[in-house]
Amino acid sequence: MADRSQVHAKNAPGPWFVDTTCIDCDVCREHVPEVFARAGEGTYVKRPPATPDEERRAWLALQACPVACIGSEGGKRPAEATFPVPIDRDVWLCGMTLRETFGGQSYFLKRPGGNILIDSPRPAGSLHKWFTSQGGIADILLTHPDDVAKADETGRKFGSRIWIHEADDVAFATDRWRGKGEAEVRPGVVMLPVPGHTEGSVVFIVDDTWLFSGDSLAWDEDTGELYAFRDFCWHSWPEQLDSLVRLAVKKVRWVIPGHGRRTPRHADGLPEELARYVAKMRKKR
Ligand code: SF4
């Protein structure tokens, strides 16, 4: 629970505040950039929410924060400020994040033949209740080990199969992909190995529309470009670039990462943008 006595020094007056235990995961700033801002490696409220929509998103940020360091005094959470939130058709942002995943985002996909969870949310009762109302979770697909925390708990609750690449193995996985080839998880859901960030990193392409990119690719809203995490590349940056080259033949509409911003604007542009990015990075070597 957020502690008013440890409020960030730059925090604006008002009921909303962030305390100094913030881990700088960026989740709240993604939800409400109008309200939350970065200072050093912390976050503060630059001004209180000014509209009902900002208020709703600020309440989402408060619930999403992995270390519960956002406070709101005296207000009441609107009913519509509830996770998960829809992103596009049958894709939902689970929202509730964990310290262990450094605020990594996870996603719920409503699918014929059983619903899918991509990476692991906080196993909050409200989320689990909603998953149950949607028919539960048949498969948990893990992009890499950084974002698996508590997947075992959710998997146990719903009797889900838990998938990961063997090069990034976790003890509680029930199913493992092997080798370097892509695999159809089930109709419309394809797993593609993209070693680089970790040796066993994978991405998922669903219905040729959504690319769930884990920590292998994200969108930078400041530059308007796609990018990979060179400073947080644990296995091999050259392999990461090679993986992006393989990815650059795919056409998808959305890039949906674990960290960093989502973008819905890459219909036919993904191959060209990725090729451009890789060429730029290779020149920097
Ligand atoms: S979500 Fe919480 S931990 Fe993450 S940047 Fe915001 S205040 Fe900090």
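Quick caveat, the model's predicted, so the values are computed rather than measured.

Participant: Please give an account of the domain arrangement of the chain that cites residues and values.
Facilitator: By the assigned domains, the chain splits into domain 1 (4–72) and domain 2 (85–284). Computed from C-alpha atoms alone, the centre-to-centre distance between domain 1 and domain 2 is 26 Å. With 10 residues of domain 1 at the contact, the number on the domain 2 side is 9 residues. Only α1 (27–31) and α2 (52–64) provide two or more residues apiece to the side of domain 1 that touches domain 2. When residues of the side of domain 1 that touches domain 2 are assigned to their parent elements, the largest contribution, 3 residues, is made by α2. Across the side of domain 1 that touches domain 2, the residue classes break down as 7 nonpolar, 1 polar and 2 charged.

Participant: Quick rundown of the nonpolar core? Include the residues and the values.
Facilitator: Counting 77 residues, the largest nonpolar core has A61, Y107, V203, F204, L211 and F212 as its most contacted members. Counting residues per element, this core draws most heavily on α2, which supplies 6 residues. In this structure, this core is formed jointly by two domains, domain 1 (4–72) and domain 2 (85–284), each of which donates at least three residues. The contacts of V203, once residues within four sequence positions are left out, are T143, L192, V194, L211, F212, S213, G214, S216 and L247.

Participant: Please provide a residue-by-residue account of the site of the ligand, values included.
Facilitator: Around the ligand, the structure places 15 residues, and the nearest of them are C22, C25, V27, C28 and C65. Residues that form the shell around the ligand fall into these classes: 11 nonpolar, 2 polar and 2 charged.

Participant: Requested: an account of the sheet that holds strand β15 (residues 210–214), with residues and values cited.
Facilitator: The sheet built from 5 strands is open, its strands ordered β12-β13-β14-β15-β18 with mixed pairing. The sheet is open, and its two borders are formed by β12 (183–186) and β18 (254–257), each paired with just one other strand. Neighbour-to-neighbour, the strand axes of this sheet turn through a mean angle of 25°, independent of strand direction. As judged from the 5 bridges shared by strand β13 (residues 189–193) and strand β14 (residues 202–206), these two strands associate in the antiparallel manner. When the bridges of β14 are listed, V189 appears paired with V206.

Participant: For the sheet that holds strand β6 (residues 91–93), give the residues involved together with the corresponding values.
Facilitator: What the 7 strands build is an open sheet, ordered β5-β6-β7-β8-β9-β10-β11; its pairing is mixed. What marks the edges here is a single partner per strand, and that holds for β5 (85–88) and β11 (175–177). Going across the sheet, the axis of each strand differs from the next one's by a mean of 25°, ignoring polarity. Bridge analysis of strand β7 (residues 107–109) against strand β8 (residues 116–118) gives 3 bridges, and the strand direction is antiparallel. Residue pairing for β8: F108 is matched across the bridge by L117.

Participant: An account of the pairing of strand β3 (residues 42–45) is needed here, citing residue identities and associated values.
Facilitator: Along a regular strand, successive side chains alternate from one face of the sheet to the other. One ladder, built from 4 bridges, connects strand β2 (residues 36–39) with β3; its direction is antiparallel. Of the residues in β3, the one forming a bridge with A37 is Y44. Counting the residues in the hairpin turn of β2 and β3 gives 2 residues, including G40, whose phi is positive at 60°.

Participant: Give a description of unusual backbone geometry that names residues and reports values.
Facilitator: Note that the residue after F83, namely P84, is joined by a cis bond; omega there is 0°. For P84, the location among the structural elements is in the loop between β4 (70–72) and β5. If you check the backbone angles, R89 has positive phi at about 45° while not being a glycine. Along the chain, R89 turns up in the loop between β5 and β6. A positive phi angle is found at D119, which is not glycine, with a value near 65°. As for its placement among the helices and strands, D119 is situated in the loop between β8 and α3 (125–133). By C-beta crowding, D119 is classed as buried, having 25 other C-beta atoms within 10 Å.

Participant: Any chance you could break down the pairing of β15 for me, citing the residues and the numbers?
Facilitator: Counted residue by residue, β15 has 5 buried out of 5 residues, so it is predominantly covered. The side-chain alternation of β15 yields two buried faces, one formed by W210, F212 and G214 and the other by L211 and S213. Alignment of β14 against β15, held across 3 bridges, turns out to be antiparallel. Note that in β15 the partner of V206 across the bridge is W210. In this antiparallel pair of consecutive strands, β14 and β15, the connection spans 3 residues, and D207 shows a positive phi of 55°. Direction of pairing for β15 relative to β18: parallel, over a ladder of 4 bridges. Along β18, the bridge assignment pairs F212 with I256.

Definitions and cut-offs
Residues numbered from 1 in each chain as written. Predicted model: local features only at pLDDT ≥ 70, side-chain atom pairs only at ≥ 80, totals over all residues. Domains from an automatic or database assignment. Contact = placed C-beta atoms within 7 Å. Helix = DSSP H or I, 4+ residues; strand = E, 2+ residues; numbered from the N terminus. Nonpolar A, V, L, I, M, F, W, Y, C, P; charged D, E, K, R; others polar. Core = buried A, V, L, I, M, F, W, Y, C linked by C-beta atoms within 7 Å. Buried ≥ 20, exposed ≤ 12 C-beta atoms within 10 Å, placed from the backbone. Near = placed C-beta within 6 Å. Pairing = 2+ DSSP bridges. Axes fitted to C-alpha atoms, helices over the stretch in contact; angles between N-to-C directions.

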